[in-house]
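Inside the fold
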Amino acid sequence: MALEKATGLDKKLQDRLLENGEIPKHIAIIMDGNGRWAKRRGLPRIAGHHEGVNSVRDIVEACGQLGVKFLTLYAFSTENWKRPKDEVSMLMRLLLKALRDERDRLHQNEVRLRAIGDIAALPQDVQDELLDAIEMMRHNNGLTLILALSYSGRWDLLNAMKRMHDEIKQGALLKEEISEQLVSSYLSTKEFPDPDLLIRTSGEYRISNFLLWQLAYSELVISEDFWPSFRRKHLYSAIADFQKRERRFGMVSEQIRKTPRAGSVYVERFLKSVAKL
Ligand code: FPP
């Protein structure tokens, strides 16, 4: 099985990103603005979610081609259960359809699928399809695509705290053993590194109960585009923006040894080329 390769200007832009700096190992995305995208076009909200699936397909493919190792998509939050019943049910049908339609293509592209969140809260047919697809792609070694479903950062932290409490009570865990690494190992993301880059679409400046612990040192890029309009060229712009940042993790510039940062001239030139895609 082989990864579908980029061509033409798309390939050139990808090569430039690869030459000019570090590609984030883990990108997390808050896919926002489906409803507003639809409303602007006089369409029902679900039409925005439908078009959002096309954005998911494009972004997953581009991330795979760029060698991004992990991509986490906030597809359904714990709070999303409070939406009107009809919308929740349509979103679940759409998720099921997307899993059915995309699984072979994802598998062909060597994607390894994973899920975080309260999966048991999803309708049984969605759970079955999801677990089946995860199993099918278990041995792939391309991009790891992590779907956050019925997920929230506080849900994740509460679960971790409860488990730690139980283990302390049973004598299996000592208070002295609790470290940042240990807390991370109790979270649903324990197998994945923390995100390097968080992208949120639709111009909102909020984390919305996403990966609260894991985003401590992530770079944030807010895109003004609604998720259904967010395609690979927007992803490339976000990565170029990431490449000019200096991640100091609380230290000073001189202490950081890393690939040189992309200069602002490069970023400006790059953004002009991206606009042509
Ligand atoms: C936020 O837009 C989007 C969602 C709650 C759902 C995201 C789901 C998809 C993109 C489709 C299925 C996903 C996968 C992974 C196949 P919103 O409804 O909050 O928009 P608004 O803020 O404009 O109302």
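So, here's what we can say about the structure. (Residues numbered from 1 in each chain as written. Predicted model: local features only at pLDDT ≥ 70, side-chain atom pairs only at ≥ 80, totals over all residues. Heavy atoms only, no water.)

Size it by volume and the largest pocket reaches roughly 950 Å³. Taken together, 46 residues line the largest pocket, and the ones lying closest to its centre are M31, N34, Y74, A75 and F76. When residues of the lining of the largest pocket are traced back to their parent elements, those giving at least two are helix 2 (34–40), helix 3 (45–66), strand 2 (70–77), helix 4 (85–108) and strand 4 (144–151). The element that contributes the greatest number of residues to the lining of the largest pocket is helix 4, accounting for ten residues. Classifying every residue of the lining of the largest pocket gives 25 nonpolar, ten polar and eleven charged. (1 Å grid on protein atoms, 1.4 Å probe; cavity = no way out; pocket = protein on both sides within 12 Å on 5 of 7 lines; lining within 4 Å. Points joined across faces, edges and corners; volume = space filled by probe spheres on them. Helix = DSSP H or I, 4+ residues; strand = E, 2+ residues; numbered from the N terminus. Nonpolar A, V, L, I, M, F, W, Y, C, P; charged D, E, K, R; others polar.)

Turning next to the nonpolar core. Among the nonpolar cores identified, the biggest contains 51 residues, and I27, L71 and L235 are the most heavily contacted of them. Among the elements that take part in this core, helix 4 stands out by supplying seven residues, more than any other. Look past the residues within four positions of L71 in its chain and what remains in contact with it is H26, I27, I29, I59, V60, C63, L143, T144, L145 and I146. Formed by 13 residues, the second largest nonpolar core is a distinct cluster that contains A28, I30, F70 and L215. (Core = buried A, V, L, I, M, F, W, Y, C linked by side-chain atoms within 4.5 Å. Buried < 20%, exposed > 50% of the residue type's maximum accessible area, 1.4 Å probe, protein only. Contact = heavy atoms within 4.5 Å.)

Taking 1.5 Å of rise per residue, 24 residues should cover 34 Å, and helix 4 covers 35 Å from first to last C-alpha, within 8% of that figure. Of all the bends in helix 4, the greatest measures close to 50° and is centred on E102. Note on helix 4: the residue one or two positions beyond its end, E110, has a positive phi of about 65°. (Expected span 1.5 Å × (residues − 1). Bend = angle between axes of the 7 residues up to and from the residue.)

Here S150, not a glycine, exhibits a phi torsion of approximately 50°, which is positive. Within the secondary structure layout, S150 lies in strand 4. Overall, the relative accessible area of 2% leaves S150 in the buried class. Notably, S208 is not glycine yet its phi reads approximately 50°, a positive angle. Take S208: it is sitting in the loop between strand 5 (197–200) and strand 6 (219–222).

Time to look at the environment of D101. Its location among the elements puts D101 in helix 4. Among the polar contacts made by the side chain of D101, one reaches the side chain of K97 at a distance of 2.6 Å. (Polar contact = N/O pair within 3.5 Å; in protein donor to acceptor, adjacent residues only side chain to side chain.)

Here we take up the pattern of salt bridges. All chains considered together, the criterion is met by 22 salt bridges. For the salt bridge of E87 with R45, the shortest nitrogen-to-oxygen distance reads 2.7 Å. Of the two residues, E87 sits in helix 4 while R45 sits in helix 3, which places them 42 residues apart along the sequence. Taking relative accessible area as the criterion, E87 reaches 10% and is therefore assigned buried. Shared partners join several salt bridges into a network, and the residues in it are D10, D58, E61, R105 and R232. (Salt bridge = Lys/Arg side-chain N within 4 Å of Asp/Glu carboxyl O.)

Bringing the site of the ligand into the picture now. Around the ligand sit 16 residues, and of these D32, G35, R36, R45 and R83 come closest. In the model, an oxygen atom of the ligand is placed 3.4 Å from a nitrogen or oxygen of the G33 main chain. Here an oxygen atom of the ligand and a side-chain polar atom of R83 are 2.7 Å apart. Protein chains shield 90% of the accessible area of the ligand, which is 630 Å² for the free molecule. Most atoms of the ligand, that is more than half of them, are within 2 Å of grid points of the largest pocket. Mapped onto the shell around the ligand, the elements with two or more residues apiece are helix 2 and helix 3. With four residues, the top contributor of residues to the shell around the ligand is helix 3. The residue inventory of the shell around the ligand, partitioned by class, reads six nonpolar, six polar and four charged. (Near = heavy atom within 4 Å. Areas by Shrake-Rupley, 256 points an atom, 1.4 Å probe, with all protein chains shown as cover. Sits in = over half its atoms within 2 Å of the grid points.)

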